[in-house]
Amino acid sequence: MNELFSFLIKHSKWFVFTFLVVISCMLLFKDDPYRQHVYITSAGRLASAAYKGANNVTSYFSLHDINEDLNRRNAELQAQIVQMQEQLDLMQEAGYVDTLMLEDDVRHFDFIVAHVINNSISRPFNYLTINKGTRDGIRPELGVIDQNGVVGIVSNVGEGSARVISLLNPHFRLSCKIKKSDYFGSLVWDGLRPDEALLEELPRHTVFNIGDTIVTSGYSAVFPPGLPVGVVLDDNTDKNQNFFSLRVKLLADFTTLGNVQVVVNYQADEIRALSAGEENDAKKKPFGT
């Protein structure tokens, strides 16, 4: 109690000053309508500014949750797009585009949202790490994309994280084609720039234009067909080559990777088993001998 009295006595001048200022303001604005209007307007502006500042701070701290929700919705939409494309392809093949209704079990792909926690772009062989692992349904040989294009493929998986071979790695070759074309080749990074790659082994009779979109061919168990990869920059083909080699501008920005989606193909094991069977058949003796 003695300390409280000592504090009040020590700062009594400031308390008296504050009291007098409050009384003065009350007397100043009490009987003058114009001054009352100025006071109310100024007070309203100050309160509005304070509320706006508080709202900005609150919104900033809620950005993480908002971003998580957007990523989840984006993954759901991506899965729906792939599912709708599969349904359309099947309906066109059946010849019943206007009438055929397919069951939900034709859904072959799903997408798991993950965050990049480590990434390299300047090494000869680049990798990245995501914060999802086996407990989240991640396993080796799953494709990884972001909102712009293909990023890489999962190589090693731990319980809570996974290592991804980046598209910026010469060990990773991606089957691609020019959009609206059936001719395909292999996309590979040549180690020069983190935003460009080469589409090789494209047949010489392929028709293309600068600016054409490059998409996944779908000839694998990793990525669905039609996922964007890049756009054609120029023809990098040597005159003596039998195939085109096109320089491609990658759509995924590897310098700012943050949120990605891991592609889960529910038919991958079946496709790989069939492919393994074809390889074994090739080793057998021809029929009839």
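As shown above, the structure is provided for reference.
Figured I'd write up the structure that's included with this text. (Residues numbered from 1 in each chain as written. Predicted model: local features only at pLDDT ≥ 70, side-chain atom pairs only at ≥ 80, totals over all residues. Heavy atoms only, no water.)

Things to note about a nonpolar patch on the surface
Phase 1: Nonpolar side chains collect at one region of the surface, where Val-16, Phe-19, Leu-20 and Ile-23 lie side by side and expose about 370 Å² of accessible area between them.
Phase 2: One can find Leu-20 in helix H2 (residues 12-30). (Patch = residues over 30% accessible without salt bridge, like charges linked within 9 Å, V, L, I, M, F, W, Y side chains within 5 Å. Areas by Shrake-Rupley, 256 points an atom, 1.4 Å probe, with all protein chains shown as cover. Salt bridge = Lys/Arg side-chain N within 4 Å of Asp/Glu carboxyl O. Helix = DSSP H or I, 4+ residues; strand = E, 2+ residues; numbered from the N terminus.)

Some details on the sheet that holds strand E1 (residues 109-119)
Phase 1: Pairing is antiparallel around the closed barrel formed by six strands, whose spatial order is E1-E2-E5-E4-E3-E12. Averaged over all neighbouring strand pairs, the angle between strand axes comes to 45 degrees, with direction disregarded.
Phase 2: In terms of strand pairing, E1 meets strand E2 (residues 127-130) through three bridges, oriented antiparallel. The partner of Asn-118 across the bridge, within E2, is Thr-129. (Pairing = 2+ DSSP bridges. Axes fitted to C-alpha atoms, helices over the stretch in contact; angles between N-to-C directions.)

With respect to the packing of aromatic side chains
Phase 1: Within this structure, the stated rule accounts for two aromatic pairs.
Phase 2: Taking the centre distance of 4.8 Å and the plane angle of 75 degrees together, the rings of Phe-184 and Tyr-219 count as edge-to-face. Residue Phe-184 is found in strand E7 (residues 184-188), and its partner Tyr-219 is found in the loop between strand E9 (213-216) and strand E10 (228-235); the two are separated by 35 residues along the sequence.
Phase 3: Look at Tyr-219 and you get exposed, because its relative accessible area is 51%.
Phase 4: When the ring of Phe-208 is compared with that of Phe-244, the centres are 5.1 Å apart and the planes differ by 85 degrees; the resulting orientation is edge-to-face. Of this pair, Phe-208 sits in the loop between strand E8 (196-203) and E9 while Phe-244 sits in strand E11 (residues 243-250), and the two are 36 residues apart along the sequence. Here Phe-208 and Phe-244 have matching classes, each one buried.
Phase 5: Arg-163 extends its terminal NZ or CZ atom over the ring of Tyr-127, reaching a point 3.7 Å from the ring centre.
Phase 6: The ring centre of Phe-244 lies 5.1 Å from the NZ or CZ of Arg-204, which sits over that ring. (Phe/Tyr/Trp six-rings, centres within 6.5 Å; stacked < 30°, edge-to-face > 60°. Buried < 20%, exposed > 50% of the residue type's maximum accessible area, 1.4 Å probe, protein only. Lys NZ or Arg CZ within 6 Å of the ring centre and 35° of its normal.)

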